[in-house]
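Analysis of the macromolecular model
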Amino acid sequence: MGAVKIKDGFYWVGAVDWNVRDFHGYTTHRGTTYNAYLLVDEKIALFDTVKEPFFETLMAHIREVIGDPEKIDYLIINHIEPDHGGAIAKVVEAIKPDKIFCTRNGRLGMIGYFHQEDWPFVEVKTGDELKLGRRTVKFIETPMVHWPDSMVSYIPEDKLLVSQDAFGEHYATSTRFDDEADFCELFQEVAKYYANIVLPFSPQVQKTLKAIKDLKLEIEMICPDHGVIWRKHVKEIIEAYDRWSRYEANSKVLVIYDTMWNSTEKMAWAVYEGVVKEGIEAELFKLSVSDETELMAEVLEAKGLAFGSSTLNNGLLPTVAGFTTYMKGLRPRQKLGFAFGSYGWSGEAVKHLNKIFEETKTEIVHEGFRVKYAPTAEDLKKCEELGRLLAQKVKEACSV
Amino acid sequence: MEKYQCNVCGYIYDPAQGDPDQGYPPGTAFEALPNDWTCPVCGAAKSEFSPVKG
């Protein structure tokens, strides 16, 4: 698609990946982009690179802007993960940078990936500045947003933040700016990205947002390493990150379950009925037919979680164990929930689910409900009551 | 009481602040944290921490 001028002297030179559908387990139904940026001033700097197979695209875009790629003076590596850093070795060989700016962990990480200790690394810390001519680059370390090596680069003269993974999303588009994309699709993808990538590091997101405030950074444009460039909805995306990283959620309950012989499924439907009758939004997800990436985006936005599993060989069904393990690692917080499930022998599933609730610091609104073999009409009434109870608690919590 | 830093992500455990989110109040010495305590930032094990010098 060619390089795209973002501002005078600042260009997008990345690549659009229309065909990726599995990004280390994250389902990317709408593809993604690997964004790299070229700043042309008295000195020329390249911000991040691309996934290794897209190296030639990156180089073609660079040549389009400045001709000879060796004119690039500095390589600035905000994040080393291979979707941005995969092409670093080839890029270093092609552009022969005078200096490579990165954090300490960035240097150690690049040595870990490429085993080249003699590259011209310059370690930077929060507050360090690099003068490129008319423009300055200010570095701000953002450890664990997204990896230990992560940092962001701010260009005060242009009020522009190069934010690596923060504020990004997996969304391939033929245009580069937020106002040129479908707003609903865009925000779905942003929420999905936050839920599946950024959520564990919410306390660090709060710190980063505070640092932006304390340093009084005026931001007119955010250039992330994935997806669109924010110029119209800067306020909205920062507000969304603030809301998500404070674990604010909507008055909504998800009933997430799997079933062996339909008993747990009947219970799930009754729980769902109870929530709906209480007048709040509910969604039902059977894990054997649900996409975990999409479901995590729903978990992000919902205050209440009812988890159901049949007991299989004294444990959870593998689909439920798999999703709850994935979810636990993403550290959702401040949820309300309870567990349910049917069993035939000793019925441990509810106990295991309660442990997951404890580990995710979910407030357990009821000790859980187990049914042996198949639920009676009375059992289903009890499930409905528990659905109502959870809905009430969710309503109370969300109205505060 | 000594501060400890996570070798993985750089987080500093300050006993004066403790780790209230994981149930360890201000004033908890690093040594008093259980062995299965993990870095509140990146999840690394307690054994990944080193004393902060100076």
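These figures come from a predicted structure and were not determined experimentally. (Residues numbered from 1 in each chain as written. Chains lettered and ligands numbered in written order. Predicted model: local features only at pLDDT ≥ 70, side-chain atom pairs only at ≥ 80, totals over all residues. Heavy atoms only, no water.)

Concerning the overall build of chain B
Scanning chain B from N- to C-terminus turns up zero helices and three strands. Across chain B, helices and strands are ordered from the amino to the carboxyl terminus as β-β-β. Relative to the 2.2 N^0.38 estimate, which gives 10 Å for 54 residues, the radius of gyration of chain B is 10 Å and therefore close to what a compact globule would have. Reported as C-alpha extents along the three principal axes, the dimensions of chain B are approximately 25 × 25 × 15 Å. For chain B, the residues scored as buried account for 37% of the 54 residues in total. In chain B, of all internal contacts separated by at least 6 residues, the share reaching a separation of at least 24 is 45%. As presented, chain B carries roughly 3,000 Å² of accessible surface, and 51% of it is formed by carbon and sulfur atoms. (Helix = DSSP H or I, 4+ residues; strand = E, 2+ residues; numbered from the N terminus. Rg over C-alpha atoms; globule rule 2.2 N^0.38 Å. Buried < 20%, exposed > 50% of the residue type's maximum accessible area, 1.4 Å probe, protein only. Contact = heavy atoms within 4.5 Å. Areas by Shrake-Rupley, 256 points an atom, 1.4 Å probe, with all protein chains shown as cover.)

Regarding the UniProt feature "domain: Flavodoxin-like" (unreviewed entry) in chain A
Following the UniProt record, the feature "domain: Flavodoxin-like" (unreviewed entry) maps to residues 253-391 of chain A here. Span residues 253-391 of chain A is 45% helix and 27% strand, its end C-alpha atoms 7 Å apart. (UniProt positions renumbered as here; feature names shortened; annotations may be inferred.)

Some thoughts on the environment of A:Glu239
Residues and elements named next belong to chain A. Among the structural elements, Glu 239 can be located in helix 7 (residues 234-245). For Glu 239, a relative accessible area of 44% puts it in the partly exposed group. A C-alpha to C-alpha distance of 9.8 Å links Glu 239 and Leu 209, two positions 30 residues apart in sequence.

Considering the packing of aromatic side chains
Summed over the entire model, instances satisfying the criterion amount to 26 aromatic pairs over all chains. Centre to centre, the rings of A:Tyr74 and A:Phe101 are 5.2 Å apart; their planes meet at 90°, and the pair counts as edge-to-face. With a gap of 27 residues between them, A:Tyr74 in strand 9 (residues 74-76) and A:Phe101 in strand 10 (residues 99-102) connect regions that are remote in the sequence. Its relative accessible area of 9% is what places A:Tyr74 among the buried residues. By relative accessible area, which is 6% here, A:Phe101 ends up buried. A ring pair is formed by B:Phe30 and B:Phe49, whose centres lie 5.5 Å apart and whose planes are at 40°; its orientation type is tilted. Within this pair, whereas B:Phe30 is found in the loop between strand 2 (12-13) and strand 3 (49-51), its partner B:Phe49 is found in strand 3, the two being separated by 19 residues in sequence. Put simply, the rings of B:Tyr4, B:Tyr11, B:Tyr13, B:Phe30, B:Trp37 and B:Phe49 touch in pairs and so form one group of aromatic residues. It is A:Arg176 that lies over the ring of A:Trp12; its NZ or CZ is 4.6 Å from the centre. (Phe/Tyr/Trp six-rings, centres within 6.5 Å; stacked < 30°, edge-to-face > 60°. Lys NZ or Arg CZ within 6 Å of the ring centre and 35° of its normal.)

Describing the interface of chain A and chain B
Accessible area lost upon the coming together of the parts serves often as the stated size of an interface. If you look at the interface, chain A gives nine residues, while chain B gives eight residues. Across the chain A to chain B interface the summed buried area is about 630 Å²; carbon plus sulfur atoms make up 47%. Sorting the residues of chain A by area buried against chain B places A:Met144, A:Arg331 and A:Lys361 first, and these three jointly supply 51% of that buried surface. Counting every contact that joins chain A to chain B gives zero salt bridges. At the surface where chain A touches chain B, the tally comes to two residue pairs in polar contact (both at pLDDT 80 or more). Counted by class, the side of chain A that touches chain B contains four nonpolar, two polar and three charged residues. (Buried area = accessible area lost by both parts, 1.4 Å probe. Salt bridge = Lys/Arg side-chain N within 4 Å of Asp/Glu carboxyl O. Polar contact = N/O pair within 3.5 Å; in protein donor to acceptor, adjacent residues only side chain to side chain. Nonpolar A, V, L, I, M, F, W, Y, C, P; charged D, E, K, R; others polar.)

Let's talk about unusual backbone geometry
Residue and element names in this part refer to chain A. Here the bond from Val 145 into His 146 is cis, since omega is 20°, no more than 30 degrees from zero. Position of His 146 relative to the elements: it lies in the loop between strand 13 (136-141) and strand 14 (151-155). At Phe 167, a position not held by glycine, the phi torsion is positive, near 70°. Within the fold, Phe 167 resides in the loop between strand 15 (160-164) and helix 5 (183-198). By relative accessible area, Phe 167 is classed as buried at 5%.

Concerning the packing of helix 10 (residues 318-329) of chain A against helix 11 (residues 349-359) of chain A
All names here are of chain A. Two elements in contact, helix 10 and helix 11, have axes separated by 10 Å at closest approach and are oriented at 10°. In terms of their interaxial angle, helix 10 and helix 11 are classed as roughly parallel. Judged by residue contacts, Val 320, Thr 324, Met 327 and Lys 328 of helix 10 engage Leu 353, Ile 356 and Glu 359 from helix 11. Counted by class, the contact of helix 10 with helix 11 contains four nonpolar, one polar and two charged residues. (Axes fitted to C-alpha atoms, helices over the stretch in contact; angles between N-to-C directions. Parallel < 35°, antiparallel > 145°, perpendicular 65-115°, else oblique.)

Description of the sheet that holds strand 15 of chain A
All names here are of chain A. Pairing is mixed in the open sheet, where five strands are placed in the order 12-13-14-15-16. Single-partner strands in this sheet number two, and they are strand 12 (129-131) and strand 16 (221-224). Ignoring which end each strand starts from, the neighbouring axes of this sheet average 20° apart. Both strand 15 and strand 16 contribute to a ladder of four bridges, which runs parallel. Paired with Gln 164 across the two strands is Pro 224, which belongs to strand 16. (Pairing = 2+ DSSP bridges.)

Observations regarding helix 11 of chain A
Residues and elements named next belong to chain A. Of all the residues in helix 11, the buried ones are Ala 349, Val 350, Leu 353, Asn 354, Ile 356 and Phe 357. What you see down the axis of helix 11 is that its buried residues fit within an arc of 155°, all on one side. Counted as exposed and oriented over 90 degrees from the buried face of helix 11: Lys 351 and Glu 358. Lys 361, located one to two residues past helix 11, shows a positive phi value of around 55°. (Arc of directions from axis to C-beta.)

A closer look at the environment of A:Lys395
All names here are of chain A. Topologically, Lys 395 is positioned in helix 12 (residues 377-399). Residues contacting Lys 395, with those up to four places away along its chain left out, are Ser 251, Glu 278 and Ile 280. A polar atom in the side chain of Lys 395 sits 2.9 Å from the backbone oxygen of Glu 278.

Here's the deal with the pattern of salt bridges
Residues and elements named next belong to chain A. Scanning the entire structure with this criterion turns up 30 salt bridges over all chains. Residue Lys 5 pairs with Asp 8 through a salt bridge whose shortest N-O separation is 2.8 Å. What makes Lys 5 partly exposed here is its relative accessible area of 48%. The residue Lys 395 makes a salt bridge to Glu 278 at a minimum N-O spacing of 3.4 Å.

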